[in-house]
Amino acid sequence: MSLTKEEKLKLFSTYTIYGMTAEKFSNGRSNIEIVKAMLDSGIKIIQYREKYKSLKEKYKECLEIRKLTEDYGALLIVNDHADLCQMVGADGVHLGQEDLPADEVRKLLGDKFIIGVTTHTKDQVLKAKEDGADYVGLGPVFASFTKDNPHPPIGLEMVKWTAENSPLPFVTIGGIKEHNLKEVLASGARCICAVTEIVGADDIRKKIESLFKILKSFERR
């Protein structure tokens, strides 16, 4: 039985991991291999983000990943491309501050799709709901090198402020590792994205298991 949009969005408010592709940092492994390992390890949200591939390559990979996520009862969020999100039947799209405006993308996609927006500041967090977003991506919390021109770190105080003031659920991202995860969670985060920590791990399943163990310890508090 398929989940309603409300049921899907509840995932973003739980102590969980938001998986993300990053083939450039995956030690020669394909996105399909990485996503399969993530899903096998219990991750229920996957974002497809690839900056260095053609649209045709992205389309083909997203079709395969959409099939995998459906088999595992997981969500697929496509980065940047609302058209690709529609074409492959993804659950939603994630937009950066330099991408198309969320309110215009909402007009295009309608209400059934999830829209996420990257935020770095208090104003952006508050504006996201006004613009029609369903969740925000907050970061980078720490220094991050998965982008060519990374935004300066926002720090843990911003995570704390967002946990106390955001009208939407949020995903923390940027430089999050096993060794600093407890700090991030103690600041109020619940849904976290640890890109290179996962895709670059020698044993992805073991790494995810370790991260989930920390998340569960906070969930029980």
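Structure: see above.
First, a word on scope: everything that follows refers to the structure included in this document. (Residues numbered from 1 in each chain as written. Predicted model: local features only at pLDDT ≥ 70, side-chain atom pairs only at ≥ 80, totals over all residues. Heavy atoms only, no water.)

### As for the side chain of Thr119
Then, number 1: One can find Thr119 in strand β5 (residues 114-119).
Then, number 2: Taking the relative accessible area as the measure of exposure, Thr119 reaches 0% and is therefore buried. (Helix = DSSP H or I, 4+ residues; strand = E, 2+ residues; numbered from the N terminus. Buried < 20%, exposed > 50% of the residue type's maximum accessible area, 1.4 Å probe, protein only.)

### Observations regarding the pairing of strand β1 (residues 16-20)
Then, number 1: Taken across its five residues, β1 has five buried, putting it largely inside the fold.
Then, number 2: Residues Thr16, Tyr18 and Met20 point to one face of β1 and Ile17 and Gly19 to the other, with burial holding for every one of them.
Then, number 3: Bridge count between β1 and strand β8 (residues 191-193): two bridges; the pairing is parallel. Bridge assignment links Thr16 to a residue of β8, and that residue is Cys191.
Then, number 4: Pairing of β1 with strand β2 (residues 45-48), which is carried by three bridges, proceeds in the parallel orientation. The partner of Tyr18 across the bridge, within β2, is Ile45. (Pairing = 2+ DSSP bridges.)

### Thoughts on the environment of Ile214
Then, number 1: Summarising the element assignment, Ile214 is placed in helix α10 (residues 204-219).
Then, number 2: As a C-alpha pair, Ile214 and Leu181 span 33 residues in sequence and 7.6 Å in three-dimensional space.
Then, number 3: Apart from the residues within four sequence positions on either side, Ile214 is in contact with Glu178, Leu181, Lys182 and Leu185. (Contact = heavy atoms within 4.5 Å.)

### Considerations on the sheet that holds strand β3 (residues 75-79)
Then, number 1: Taking strand neighbours around the barrel as the criterion, the eight strands line up as β1-β2-β3-β4-β5-β6-β7-β8 in a closed arrangement whose pairing is parallel. Taking each pair of neighbouring strands and ignoring which way they run, the sheet shows an average axis angle of 25°.
Then, number 2: By the bridge criterion, three bridges tie strand β6 (residues 135-138) to strand β7 (residues 170-173) in an arrangement that is parallel. When the sheet's bridge partners are listed, Leu138 is paired in β7 with Thr172.
Then, number 3: Packing of helix α5 (residues 102-109) onto the sheet brings it into contact with β4 (92-95) and β5, and relative to β5 it is tilted by some 165°. (Axes fitted to C-alpha atoms, helices over the stretch in contact; angles between N-to-C directions.)

### Things to note about the packing of aromatic side chains
Then, number 1: Per the counting criterion, the structure on display carries three aromatic pairs.
Then, number 2: With a centroid separation of 6.2 Å and an interplanar angle of 55°, the aromatic rings of Phe12 and Tyr18 are classed as tilted. Here Phe12 and Tyr18 have matching classes, each one buried.
Then, number 3: Taken together, a centroid distance of 6.1 Å and an interplanar angle of 55° make the contact between Tyr18 and Tyr135 tilted. Of the two residues, Tyr18 is situated in strand β1 and Tyr135 in strand β6; the sequence distance between them amounts to 117 residues. Comparing Tyr18 with Tyr135 shows no difference in burial state: the two are buried. (Phe/Tyr/Trp six-rings, centres within 6.5 Å; stacked < 30°, edge-to-face > 60°.)

### Some remarks on the pattern of salt bridges
Then, number 1: Enumeration according to the criterion identifies 16 salt bridges in this entry.
Then, number 2: With a closest N to O distance of 3.1 Å, Arg66 and Asp91 form a salt bridge. Here Arg66 is found in helix α3 (residues 55-72), whereas its partner Asp91 is found in the loop between α4 (82-88) and β4, with 25 residues between them in sequence.
Then, number 3: The class for Arg66 is buried, based on a relative accessible area of 7%. (Salt bridge = Lys/Arg side-chain N within 4 Å of Asp/Glu carboxyl O.)

### Notes on the packing of helix α6 (residues 122-130) against helix α7 (residues 156-165)
The relative placement of two packed helices comes down to the angle between their axes together with the axis-to-axis distance.
Then, number 1: Interaxial distance between α6 and α7 falls to 10 Å at its minimum, and their mutual angle equals 30°. Taken as axis vectors, α6 and α7 run roughly parallel relative to one another. When the axes of α6 and α7 are compared, the crossing they make is right-handed. For the pair α6 and α7, contact is made by Lys122, Val125 and Leu126 and by Met158, Trp161, Thr162 and Asn165, respectively.
Then, number 2: Partitioning the contact of α6 with α7 into residue classes produces four nonpolar, two polar and one charged. (Parallel < 35°, antiparallel > 145°, perpendicular 65-115°, else oblique. Left-handed = near helix turned anticlockwise from the far one by under 90°. Nonpolar A, V, L, I, M, F, W, Y, C, P; charged D, E, K, R; others polar.)

Coordinates in, geometry out; function isn't part of it.
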